[in-house]
Amino acid sequence: LEPDERTGIDGVSGMWWLKPDIKVTGLAGLADEWDEAKMAASGSFQTGSYTFDFLAGKRYKDQVYGADFVGYIKDAGVRGEMTYTAADERDDFPRAVVGMDYALENSLYFAFEYYHNGGPIEIDPADPFAFVLESSGVDSLYRNFLGGMASYDLTPLIKGSLMGILDIDKGSWVLGPGFDWWFSNYVRVNGGAQIFGGAKDGEYGSFSDLAWIRVRAEF
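Bear in mind the structure is a predicted one, so any value in this text is a computation, not a measurement.

J.: What should I look at first to understand the side chain of Asp167 in this one?
T.: With respect to the secondary-structure elements, Asp167 resides in strand 10 (residues 158-167). Buried within the structure, Asp167 lacks any salt-bridge partner; its nearest side chain of opposite charge belongs to Lys170, at an N-O separation of 7.7 Å. Looking at Asp167, its side chain comes within polar contact range of the main-chain nitrogen of Lys170, at 3.3 Å. One polar contact links the side chain of Asp167 to the main-chain amide nitrogen of Glu203, over a distance of 3.0 Å. Sequence-distant contacts of Asp167, that is, excluding residues within four places in its chain, are made with Tyr142, Asn144, Phe145, Ser172, Gly202, Glu203 and Tyr204.

J.: How should a negative patch on the surface be read in this particular structure?
T.: Judged by side-chain charge, Asp32, Glu33, Asp35, Glu36 and Asp88 come together as a negatively charged surface patch. Following the sequence through the fold, Asp35 ends up in the loop between strand 2 (22-29) and strand 3 (38-47).

J.: Got a minute to help me understand the packing of aromatic side chains in this structure?
T.: What characterises a pair of aromatic rings is the spacing of the ring centres plus the angle enclosed by the ring planes. The tally for this structure, following the rule as stated, stands at 10 aromatic pairs. When the ring of Phe145 is compared with that of Tyr204, the centres are 6.3 Å apart and the planes differ by 70°; the resulting orientation is edge-to-face. A residue pair is termed long-range when its members are at least 10 positions apart, and Phe145 in strand 9 (residues 144-155) and Tyr204 in the loop between strand 12 (187-197) and strand 13 (210-217) qualify at 59 residues. With respect to class, Phe145 is no different from Tyr204; both count as buried. Summarising the aromatic geometry, the rings of Phe196 and Phe207 are spaced 5.4 Å apart at their centres and angled 35° between planes, so their arrangement reads as tilted. Residue Phe196 is found in strand 12, and its partner Phe207 is found in the loop between strand 12 and strand 13; the two are separated by 11 residues along the sequence. Taking the relative accessible area as the measure of exposure, Phe196 reaches 14% and is therefore buried.

The rules behind these values
- Residues numbered from 1 in each chain as written.
- Predicted model: local features only at pLDDT ≥ 70, side-chain atom pairs only at ≥ 80, totals over all residues.
- Heavy atoms only, no water.
- Helix = DSSP H or I, 4+ residues; strand = E, 2+ residues; numbered from the N terminus.
- Buried < 20%, exposed > 50% of the residue type's maximum accessible area, 1.4 Å probe, protein only.
- Lys, Arg positive; Asp, Glu negative; His and termini not counted.
- Salt bridge = Lys/Arg side-chain N within 4 Å of Asp/Glu carboxyl O.
- Polar contact = N/O pair within 3.5 Å; in protein donor to acceptor, adjacent residues only side chain to side chain.
- Contact = heavy atoms within 4.5 Å.
- Patch = residues over 30% accessible without salt bridge, like charges linked within 9 Å, V, L, I, M, F, W, Y side chains within 5 Å.
- Areas by Shrake-Rupley, 256 points an atom, 1.4 Å probe, with all protein chains shown as cover.
- Charge placed at Lys NZ, Arg CZ, Asp CG, Glu CD.
- Phe/Tyr/Trp six-rings, centres within 6.5 Å; stacked < 30°, edge-to-face > 60°.

Set out below in C-alpha cells:
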C-alpha cells in the first residue's frame with residue numbers, strides 16, 4: 001500500500017540508447033497552462049566506472065540546468081550533482097550535493113554528504129504557507145548542510161542505523177537512530193527516533209523530539 005497521497009497528472013517519458021554507453025532521456029508532466037508544466041531532457045554517458053548526466057528542463061516558470069556523476073574511487077562510491085535555476089520570480093541560484101559511501105565485508109556501511117542550497121526558502125509573512133505549493137522536496141531555510149549515516153547488521157535479522165544532519169550556518173542538528181527487524185518471513189518491524197538540538201532559529205533546533213514504530217505484515 002502507498003501510505004502517501006499523490007496528485008495524479010498526465011505525463012510522458014522515453015529513453016533512447018544511441019550507443020550502449022550513451023543514453024538520451026526525455027520526460028514531461030503536462031498541465032493546462034504552460035507555466036504549470038514540468039519537463040526535462042538529459043543525456044548520459046559512461047566511461048570507466050563513472051556515469052555522467054547532463055540535464056536541461058523547466059519547472060513551472062523556472063528554467064533548470066544541471067549535471068551529475070556517480071562512480072568509484074577504489075572500493076568507495078562517490079557521487080555528486082549540481083543544478084542552476086534561472087528563476088522567474090526570484091534571483092537565480094545553484095544547488096549542489098557531493099557524497100561518498102563505503103561498505104565493509106562485516107556489513108558495516110557508512111555514507112557522508114555535503115549539500116549546498118543557493119536558493120533557500122523565502123517565506124512571505126503575509127502568506128507564510130504559499131511556498132508549500134511550489135516545494136521541490138529539497139527546500140531548506142538555510143544554505144549549508146553536512147549529513148552522515150551508518151548501519152550495521154546486529155544479527156542476521158536485525159539491522160541498526162544512525163543518521164545525522166548538521167545545519168552548518170546556524171549550528172542546529174538532528175540525530176535519527178533506527179532499527180529494522182525481520183520478525184518472521186511475513187512480518188517486518190522497523191522504528192526509530194528523531195532527536196533535534198542546537199540553535200532554535202536554525203533548520204532543526206525548534207522541532208520536538210519524536211519516536212515511531214511500524215509493523216508490516218505480508219500475506
